[in-house]
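# Analysis of the macromolecular model
One letter stands for each residue in the lines below.
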Amino acid sequence: MTPLSFLGFNEAHAATVMAYFRGRAMTKEEFERGYAERGGISLEQLHAWGRGAVPCDCGAPECAGWQMVNLEDYAEHMRLIEWIAATRDHFPGQHPSA
Ligand SMILES: [Zn+2]
């Protein structure tokens with residue numbers, strides 16, 4: 001249960017919104033640029049490989065507020081999370097937090 005649940009946000013969206021309002025240590029582009037530089041590649045190459053930063057809500061004190069993901073995998077992951085949230089009521093007992 002997150003503070004935004006009452007607004008109708010599902011857990012994943014609420015976590016993203018909360019992370020946004022808590023503020024991030026750097027912008028998305030700064031994070032992606034630093035990641036690419038550490039790997040010795042350009043930002044364009046990073047994006048060409050389908051990688052990009054998405055909000056991270058892990059809560060670690062050293063967290064920059066972003067995580068590097070394969071954007072296609074991440075989109076699939078988010079579709080699954082939304083499907084689980086949307087079907088929660090149809091499968092009582094099937095979800096740990098139902
Ligand atoms: Zn994190």
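The following paragraphs examine the structure supplied in this document. (Residues numbered from 1 in each chain as written. Predicted model: local features only at pLDDT ≥ 70, side-chain atom pairs only at ≥ 80, totals over all residues.)

Before going further, it helps to spend a moment on the overall build of the chain. On a plain count of helices and strands, the chain comes out with four helices and two strands. For the chain, with 98 residues in total, the buried portion stands at 3%. Intrachain contacts of the chain at a sequence separation of at least 6 include 35% that bridge at least 24 residues. (Helix = DSSP H or I, 4+ residues; strand = E, 2+ residues; numbered from the N terminus. Buried ≥ 20, exposed ≤ 12 C-beta atoms within 10 Å, placed from the backbone. Contact = placed C-beta atoms within 7 Å.)

If you check helix α4 (residues 71-87), its first and last C-alpha atoms are 24 Å apart, about what 17 residues at 1.5 Å a residue would give, namely 24 Å. Counting buried positions over the 17 residues of α4 gives zero, only a small fraction of the element. (Expected span 1.5 Å × (residues − 1).)

As a further point, take the environment of Y74. Mapped onto the fold, Y74 is located in helix α4. C-alpha separation for the pair Y74 and R51, spaced 23 residues apart in sequence, amounts to 9.8 Å. If we ignore the near neighbours within four places in the chain, the residues touching Y74 are V54 and V69.

Quick look at the environment of M68 now. Note that M68 resides in strand β2 (residues 66-70). Between the alpha carbons of M68 and G52 there is a distance of 5.6 Å; along the sequence they are 16 residues apart. Discounting residues that sit within four places of it in the chain, M68 has contacts with Y35, R51 and A53.

In this fold, E30 is placed in helix α2 (residues 28-38). Judged by local crowding, E30 falls into the partly exposed class, with 14 C-beta atoms found within 10 Å. As a C-alpha pair, E30 and A53 span 23 residues in sequence and 10.0 Å in three-dimensional space.

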